[in-house]
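# Remarks on the overall topology
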Amino acid sequence: MKKTTALALACTLAASLTLTACSVEQVNGTGSPDTSASAGSNGQRVLNVCSWGEYIDETLIDEFEAQTGIRVNYQEAPSNEELYSRLQTGGANFDVVVPSDYMISQLIEEDMLQPLDYSKIPNFEKIAGRFKNLSYDPENLYTVPYTWGTLGIIYNTTMVDEPITSWSALFDDTASGNALLIDNSRDAFGIALMYLGYSVNTTDEAQIREAYELVANAWNRGVFQGKVMDEIFQIMEGGNAAVATYYAGDYLSMLENNENLAYVIPEEGSNWFVDAMCILKDAQNVDEAHEWINFMASTDANLRNMDYIWYASPNEEALEMYPEWYEETYGEPLDMELYEIMAAPQEVLDRCEAYLVLPQDIRTLYNDLWIQLGT
């Protein structure tokens, strides 16, 4: 779905509900989450949510507010590591967060999440079995999956000589000076580990340092323009870089604005991930948090969200319905090649590896090496 179309629908819905959907109503005037408890100064219920950029159809926020009377303060974090840093420093007052699998494990390990009351989340039954009891939450105590997808290479077909098939494109001279390094240590070192033939979950210090040297060598040779997260949208859509690493859903959003872009899971394999909704242990608005999670786990919300953000849904019904729903909505068939980039088939996932939480000493090593790499 074109996001300009979605924005128009957002404004229409907002007008009909006498809301202010097209203003940044979800964020207070300081750009920080509302720190109210269960009720604001006017008695209104509130909820503080933190998720990633470009990661929700905002009409869903408006609809949830209209249905429940709960005001949603929606904030964004650029990476799992930045989210963790905000939580550690105590500068954030979130109720619901949407980390990735390995970071969820870390938050559970550090007693930062509270068990969910699944009796208040009946839509959890709609989550496909293959997204339950995963390694990050093996007993299904703390999470409801939000989306899933893959990490891959995005490249501009007009700026490289031939199709890219290997992670080597990030480390050799395929796009020297025109490549972008993803701005988080887990993915940046992960792609180097995969290229070297190692597990992304290795705890072998020598292997991790070898991966660091591979990234650092390319960095020091000027292969990369710089480190990016959501800045990648403007850069790749504008044709200002040739090769980058990012997520399948975001590639599909970029493709709407630059038809010259392509996406590939390299021959060495890649990472597949699940992002899930959690409630922080010190959340002030727990009932509201459960209402939000249940709403976002519904089939309707998943269909609309999947259509807007191009990340695959863990709601089995929504995932199966989407091609038919798309054709009914837009009057034309869904491009199944794009659908399989969004919702990678099992043979692709079999070549991918999920991140696991690493021991504390290895997390410290990652952080130290990332700082050493510089900016």
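To start, this report covers the structure provided alongside it. Worth saying up front: this structure is predicted, and the values here are computed from it rather than measured.

As a further point, take a negative patch on the surface. A cluster of acidic residues, Asp335, Glu337, Glu340, Glu347 and Asp350, forms a negative patch on the protein surface. Structurally, glutamate 340 is set in helix H12 (residues 336–342). Owing to a relative accessible area of 43%, glutamate 340 belongs among the partly exposed residues under this scheme.

This part is about the pattern of salt bridges. In the structure shown here, the tally under the stated rule is eleven salt bridges. With a shortest N-O distance of 2.5 Å, arginine 45 and glutamate 291 are connected by a salt bridge. In this pair, arginine 45 sits in strand S1 (residues 45–52) while glutamate 291 sits in helix H9 (residues 286–296), placing the two residues 246 residues apart along the sequence. According to the relative accessible area criterion, arginine 45 is partly exposed, its value standing at 27%. Assessed through its relative accessible area of 28%, glutamate 291 is described here as partly exposed. Across the pair arginine 363 and glutamate 109 runs a salt bridge, and its minimum N-O distance is 3.2 Å. One end of the pair, arginine 363, is in helix H14 (residues 360–373); the other, glutamate 109, is in helix H4 (residues 101–109), and 254 residues separate them in sequence. According to the relative accessible area criterion, arginine 363 is buried, its value standing at 14%. A single network of salt bridges, built from pairs that share partners, joins Arg45, Glu288 and Glu291.

The next subject is the nonpolar core. If you look at the biggest cluster of nonpolar residues, it comprises 138 residues, and the most contacted ones within it are Val243, Trp292 and Tyr322. In terms of residue count, helix H6 (residues 205–220) provides more of this core than any other element does, eight residues in total. Sequence-distant contacts of valine 243, defined by excluding residues within four places in its chain, comprise Ile153, Ile154, Tyr155, Val160, Ile164, Ala169, Leu170, Ala175, Asn178, Ala179, Leu180 and Met236.

This part covers the side chain of asparagine 184. Among the structural elements, asparagine 184 can be located in the loop between strand S5 (179–182) and helix H5 (185–195). A polar side-chain atom of asparagine 184 sits 2.9 Å from the main-chain amide nitrogen of aspartate 187.

Moving on: unusual backbone geometry. Despite not being glycine, asparagine 133 shows a phi value in the positive range, around 55°. Topologically, asparagine 133 is positioned in the loop between H4 and strand S4 (144–156). Residue asparagine 133 is classed as partly exposed on the basis of its relative accessible area, which comes to 47%. One non-glycine residue, tryptophan 310, lies in positive phi territory at about 65°. Looking at the secondary structure, you find tryptophan 310 in the loop between helix H10 (299–309) and helix H11 (316–330). A relative accessible area of 6% means that tryptophan 310 is categorised as buried.

Cut-offs applied
- Residues numbered from 1 in each chain as written.
- Predicted model: local features only at pLDDT ≥ 70, side-chain atom pairs only at ≥ 80, totals over all residues.
- Heavy atoms only, no water.
- Patch = residues over 30% accessible without salt bridge, like charges linked within 9 Å, V, L, I, M, F, W, Y side chains within 5 Å.
- Areas by Shrake-Rupley, 256 points an atom, 1.4 Å probe, with all protein chains shown as cover.
- Salt bridge = Lys/Arg side-chain N within 4 Å of Asp/Glu carboxyl O.
- Lys, Arg positive; Asp, Glu negative; His and termini not counted.
- Charge placed at Lys NZ, Arg CZ, Asp CG, Glu CD.
- Helix = DSSP H or I, 4+ residues; strand = E, 2+ residues; numbered from the N terminus.
- Buried < 20%, exposed > 50% of the residue type's maximum accessible area, 1.4 Å probe, protein only.
- Core = buried A, V, L, I, M, F, W, Y, C linked by side-chain atoms within 4.5 Å.
- Contact = heavy atoms within 4.5 Å.
- Polar contact = N/O pair within 3.5 Å; in protein donor to acceptor, adjacent residues only side chain to side chain.

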